[in-house]
Amino acid sequence: MAFKHLIGGAALLAMLAGCSSTDTAPTQAAKPAHSDGTCSAAAAQGLLGQVATAEVVEQARQQSGARTARVLSPGDMVTLEYNSQRLNIDITEAEVIERIACG
């Protein structure tokens, strides 16, 4: 009887071994800070006082780690939902950046 259990156990182990995977995950290069898209406005504060050109807005977005950026002019109507992956850039009438915040 013990011999049957030993053979049965060996057969079970052989079947389970066939189900296991020996593949390893590919090595990934280091990701930049905020790769998850979470915004950090502090990283873009050095752009305050600059004209909000497309290049400066993109630079602010990249520095903050945000997935998106929106430029808000005086009087613009905006949605009030908080989005942790969005950078808000408030500008003056002269298109000078006066505030950079996440949301």
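Description of the structure in this document. Computed from a prediction, not measured in an experiment: that's the story for all the values here.

Considerations on the overall build of the protein
Point 1. The secondary structure content of the protein amounts to two helices and three strands.
Point 2. Ordered by position from the N terminus, the helices and strands of the protein form the series α-α-β-β-β.
Point 3. Taken across its 103 residues, the protein has 23% of its residues classed as buried.
Point 4. For the protein, the share of sequence-separated contacts (at least 6 apart) that also reach a separation of at least 24 residues comes to 44%.
Point 5. Here the protein has roughly 7300 Å² of accessible surface; of this, 59% comes from carbon and sulfur atoms.

Remarks on unusual backbone geometry
Point 1. Not every positive phi belongs to a glycine, and Glu95 is a case in point at roughly 65°.
Point 2. Here Glu95 lies in the loop between β2 (86-91) and β3 (97-102).

Topic: the sheet that holds strand β1 (residues 68-72)
By definition, the strands of a sheet pair up through backbone hydrogen bonds, in either a parallel or an antiparallel sense.
Point 1. Taken in spatial order, the three strands make up an open sheet running β1-β2-β3, and their pairing is mixed. Both outer strands of the open sheet, β1 and β3, are each paired with one neighbouring strand and no more. The average angle at which neighbouring strand axes cross in this sheet is 20°, direction not considered.
Point 2. In this structure, β1 lies alongside β2, joined through five bridges in parallel fashion. Considered in β2, the bridge of Leu72 is made with Asp90.

Parameters and conventions
Residues numbered from 1 in each chain as written. Predicted model: local features only at pLDDT ≥ 70, side-chain atom pairs only at ≥ 80, totals over all residues. Heavy atoms only, no water. Helix = DSSP H or I, 4+ residues; strand = E, 2+ residues; numbered from the N terminus. Buried < 20%, exposed > 50% of the residue type's maximum accessible area, 1.4 Å probe, protein only. Contact = heavy atoms within 4.5 Å. Areas by Shrake-Rupley, 256 points an atom, 1.4 Å probe, with all protein chains shown as cover. Pairing = 2+ DSSP bridges. Axes fitted to C-alpha atoms, helices over the stretch in contact; angles between N-to-C directions.

All quantities given are derived from atomic positions and should not be read as evidence of function.
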